[in-house]
Structures are given as C-alpha cells and as structure tokens.
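The residues making up each chain are set out below.
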Amino acid sequence: MAGKLAGKVAVVTGAGSQSGIGQETALAMAAEGAKVVVNDIVKDPDGSWGADRVVNEIKTANGTAVANYDSVASMEGGQKIVRTAISNFGRIDILVNSAGNFKMAPTVEFTEEDWDAILNVHLKGLFATTQEAVKEMIKQKSGGRIINFTSVAAYTFSTGPGPSAAYCTAKAGILGFTRLLAVELKEYGITANSLSPIATTALNAFDPSGPGPEYVAPMLVYLATDEAKDITGQIIHIMGGEVCVYAPPMGTPGGHHYLHKAGKWTVEELTELMPRMV
Amino acid sequence: MKEEKIRMAGKLAGKVAVVTGAGSQSGIGMAVALAMAAEGAKVVVNDIGKDPDGSWGADRVVKEIKSAGGTAVANYDSVASMKGGQSVVNTAISNFGRIDILVNTAGTFRIVPTVELTEEEWDATLNVHIKGVFATTQEAVKHMIKQKSGGRIINFTSMAAYTPDLGPGASIAYCAGKGGVLGFTRQLAVELKEHGITANSISPGAKSTLFPYPAPGPEFVAPMIVYLATDEAKDITGQIIRIMGGDVIVFAPPMGEPLGHHYLHKSGKWTVDELIEIMPRMAAP
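Residues numbered from 1 in each chain as written. Chains lettered and ligands numbered in written order. Predicted model: local features only at pLDDT ≥ 70, side-chain atom pairs only at ≥ 80, totals over all residues. Heavy atoms only, no water.

A. Structural detail: the overall build of chain A. Scanning chain A from terminus to terminus reveals seven helices and nine strands. By residue count, 59% of the 278 residues in chain A fall in the buried class. The long-range fraction of contacts in chain A, counting pairs at least 24 apart against all pairs at least 6 apart in sequence, stands at 70%. Total accessible area computed for chain A in this model is approximately 10400 Å², and 52% of it derives from carbon and sulfur atoms. (Helix = DSSP H or I, 4+ residues; strand = E, 2+ residues; numbered from the N terminus. Buried < 20%, exposed > 50% of the residue type's maximum accessible area, 1.4 Å probe, protein only. Contact = heavy atoms within 4.5 Å. Areas by Shrake-Rupley, 256 points an atom, 1.4 Å probe, with all protein chains shown as cover.)

B. Quick look at the pairing of strand S1 (residues 9-13) of chain A. All names here are of chain A. By the criterion of burial, S1 is predominantly enclosed, with five of the five residues buried. On S1, burial covers both faces: Val9, Val11 and Thr13 on one face and Ala10 and Val12 on the other are all buried. Pairing of S1 with strand S2 (residues 35-39), which is carried by four bridges, proceeds in the parallel orientation. Bridging across to S2, alanine 10 finds its partner in valine 36. (Pairing = 2+ DSSP bridges.)

C. Focus on the environment of Asp93(A). All names here are of chain A. Inspection of the secondary structure puts aspartate 93 in the loop between helix H3 (75-89) and strand S4 (94-97). Excluding residues within four positions of it along the chain, aspartate 93 makes contact with Gly7, Lys8, Val9, Met137, Gln140, Ser142, Gly144 and Arg145. One polar contact links the side chain of aspartate 93 to the main-chain amide nitrogen of valine 9, over a distance of 2.8 Å. Reaching out from aspartate 93, the side chain makes a polar contact with the side chain of arginine 91 at a distance of 2.6 Å. (Polar contact = N/O pair within 3.5 Å; in protein donor to acceptor, adjacent residues only side chain to side chain.)

D. Up close: the confidence of the model for chain B. All names here are of chain B. For chain B, the average pLDDT comes to 88, and 91% of its residues sit at 70 or higher. Across residues 254-261 the pLDDT falls below 50, and counting only partners more than four positions away or on other chains, this stretch makes 20 contacts in the model. Predicted complex, confidence summary: ipTM 0.88, pTM 0.90. (pLDDT = per-residue confidence, 0-100.)

E. Summary view of the packing of helix H5 (residues 165-185) of chain A against helix H5 (residues 172-192) of chain B. In contact at an axis separation of 6 Å, H5(A) and H5(B) are set at 145° when each is read in the N-to-C sense. With respect to the hand of their crossing, H5(A) and H5(B) are arranged in right-handed fashion. From H5(A), Ala165(A), Cys168(A), Thr169(A), Ala172(A), Gly173(A), Gly176(A), Phe177(A), Leu180(A), Leu181(A) and Glu184(A) reach across to H5(B), where they touch Ile172(B), Cys175(B), Ala176(B), Gly179(B), Gly180(B), Gly183(B), Phe184(B) and Gln187(B). Along the lines of polarity and charge, the residues of the contact of H5(A) with H5(B) split into ten nonpolar, seven polar and one charged. (Axes fitted to C-alpha atoms, helices over the stretch in contact; angles between N-to-C directions. Left-handed = near helix turned anticlockwise from the far one by under 90°. Nonpolar A, V, L, I, M, F, W, Y, C, P; charged D, E, K, R; others polar.)

F. Here's a closer look at the pairing of strand S6 (residues 197-205) of chain B. All names here are of chain B. With respect to burial, S6 is a largely interior element, nine of its nine residues being buried. Here S6 shows no split at all, with Ile197, Ala199, Ser201, Ser203 and Gly205 on one side and Thr198, Asn200, Ile202 and Pro204 on the other all buried. Alignment of strand S5 (residues 151-156) against S6, held across six bridges, turns out to be parallel. Note on S6: the bridge partner recorded for asparagine 155 is serine 201. As paired elements, S6 and strand S7 (residues 240-244) share five bridges and run parallel to each other. Residue pairing for S7: serine 201 is matched across the bridge by isoleucine 240. For the handedness criterion, the β-α-β arrangement of S6, helix H6 (residues 222-229) and S7 is classed as left-handed. (Right-handed = clockwise from strand over helix to strand, strands pointing away.)

Here it is in structure tokens:
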C-alpha cells in the first residue's frame, strides 16, 4: 500500500490483451499502489472483456482498478476513457497510451480504410486521451505523466518483417507529438516521454522466444514515479535487459554531415557534394 | 526565372513533375516549380490558394513558366483527401502522359496550445500533412512502377518533427504531421528501392508562406529539390536533408547509430529501483 505509486491514478489504454505490454503495465502500476483504469476494446477467446480479466487480477491481488471498453480512435472515446478515471477515482496522474494496431502491406496496395484505422488509433487516439488528461492535470496542479509508445519502425530501416508505411508514419508522428508536448507542459510539471519497446506481445508475435512485456513494465512504472520528474522529452528503447536513451534525434553534431556556403548552392555543386555527404 | 532561358537540354528535360502547394506567392513550392520548369521538366502546379485579387495562385505560376518558354498546367485540388491527391497526380498523366517527380510541399501551420487545439484543426493539419502525402504518393508510385523508369518522391518535414528547439513554437498536430512524414518517407525508400524510386525528406529553413520569419528565401531551397530530382541523385534515398540558406546538413539515420545515445545492458529484468538509480544519468536534459 506504500508502493511507489500509492495515491496516484493511472489510465492505461490497450491494457486488456493477453500478454500485452499494456496489461503488464496495468498490473505493475496496481502492484505499486496506483488505482488503474484498464482500457481495451478487445475480448478474450471466451467472449468476455479482456479489460475485465485484468481488473479481476488486480482486485484479487488487493489492488484497485476499473475497466473501460471505449475505443481511443475517436475524440469521444478517448475523452470517455480519461473521464472514467475522474468519475471513479476523482483524478488522473498517469496516462499510458499503449493501444495500437498493426498491418503489413505494400504502399500501393494499402487501402484508405486501413490507413485511417492505423492513423486513428495511433495519432488521433493519442491526441484524444492526452488532451483530456492534460486539461485535468493542469487543473490538479500536481504535475503528471504521459507515456506514449513509438517503435523502431519510426526511425530505422531495419524493421525486421517490414511494417506498412502507415505504421511507420504513425509511430514517427508520435515522436514529434511527444517531444513538443514535453516542451509545452514543462511549466506544469507534466512529463511526456516516448517508449520504444521490443517485446513478444499481442501485437507482435514474430519471435515467440524473445523477452516478454514484463521486461518493459518496470520502465513504465519508473517513468510514472515522482523520482522521474525531470525525465521528459526522451525516447527510451527497452528490450529485455537493454535500455537505450536516445539523444535528441539528429540535433547533435555527432551523426551528421554539415556544409556551409555564403550563398545559394547550385545544382551542379550539389551534384558534386551530395553523394559524399550521405 | 525571367532572365533565365528555359534550357531544352536542362537537367530535367523530358521529365514530368508534380509540385503540390506550389501556388503561394514566395513559397517554397513555387520556387521549386519554377526551378524545375527552368531545367526542362513539364510541371503540374497544384495549389488550392488564391491570390489577393481572387485569381488562382497556380495560374500565376503556370503563366510565369509559360512566358519563359516552359511547360506547365495548373491544378486546384486539395491533397487532403484520397480523391484530391489522386486527381493531382492524374493531371500529370492526362496532360503529359507520365509522372517522374512528386514534390509534396503542401502544408498548413498554426501555433496552438494542446488544450485548445480543436478536433477540426487536428484533422485539417493531419489530413494535409499525412493523408495528403499518402494520397499523392500512392497514386504516383503506382504509375512510376508501371513506367519502369524509376522516380523521385520528395517530402517536406520540419525541425518541429525532431527537436524541442522550435523557435516560434508549433502545435502537437503539426509536430505529429511532420514527424509522421519522416517515418513514412523512410519506409517508402526501403520499399521502393527495387523499383529505382527514391524517397527523401527535406527539412527546409526559409522565409516562406508558412513561416514569414527573417531567414534566407525559398530560392536557396529549390536547387536541392532540383538536384534530388536529377538522374545523378539516383542513389540518394531515405535521407533527411536540412537546407537553410547556404547550410546543408544530411542527418544520419536518426537514432539508429550508437553515436548520440546512452546504452546499458543487464542480463535480466531491470527493477524500478535500479531504474531510479540509472535513468537520471542516462537522460541528460
């Protein structure tokens, strides 16, 4: 009861899938004393809500949790998820946006419907829950934590089985979104970080032997603690025992090539120098 | 442009280019359309915007190209829907029979705090920057693959996508949109390599329609776009290229290199207590 998150209220989206990162996070936060809204639209094979199963598991361990089944993919859905925390527990301190979907298809074959489905969950869903949560956090005047999920698909070529351009777009959009959020919310003591996990999960079962989501959950709990109040705007990769905190992407002189000329470059000059720069 | 003769044997002779958002006065899109036409490309000048006198901006740019002896046609569709994006590309096919170069310049920008951003503005921003890029690109790529002669996709990102040092600020919608363009373009480059189609992101710094700040003008950006469209640039793909005035920066694959980050490994699960210990030292502000 005197856990690291005692007295705090957390919302975890996409937390009802069996062996998902969201579920693992909800369980870990509840174990540290947080009251948790467990959100998910998915059902278990027996037709019951996945979120109900996770809530039961938390309650059995003497934790506090409530289920919510709304989709984050609309403003209304995202707002309702956050309101579930307010109406049940009176506040919100932690928002973990782990809801996601995934589809592999070549760009020329990708349908508008699939494009919208991926972008609505990952980007609009993020906006919907985050805006509502931030409004409350600012009113509460006691800081807050926003933790969003990006992916190696957002920033590297070697993405294993090859995701769709829609998924890459969405996960890279989350980086830009979260980075600005961190800057904007600093004055309110609200942190915003992007987590880039690799784990064998509900969304990604390509490598069943890989490390599971239980490796990722401690990082989420940590980011939600008071101790992590100065960790913001970061991109944190975690896979098994690996932790990697990325420097502000591309802003450092380390990994890039730079040329200056006091005037306009000509196409001829660029033809000469560009192949050596990339 | 006026003093510059259209070069029939220009660097882009025989090529067909589509430039979205190319009708705004003193915008980067316009500078690109003029520069490509000057190098011999046939250009579709797309823009939904009108000049103060009520006439289409795209018409003005087409006229300027034609009076210099170049070839261009105007299109006024919005890229913010699949249909609009497809129609922009198909203007190239119906007028010039093909498409070799797609430059996605169209964009919108406003500074709004997150708590005040409306759903309408979020949608409008994401539709132009992300769905619009998907719509035009998908249609263009279908044709480029059929044509079997490669192709060039050039998308516009922004510092807002990757640095907190935004200067005048932005909205989370703009940052999400411009960040999304990076992920989109990078994946596209991988996917289209086998077809000889390159895809690059440009991160320009220029005094332009969207950003009327004191900075070098869009004419500094145009030569880079022309270069990327030439046959010489066939191996430049998946890059993020910053250009502002005489500055050129080619960014390494963001965050994929061990250079700029901090790394720790443990053969087992980290505990929250260990993370409380190590993380403040890893995440230098």
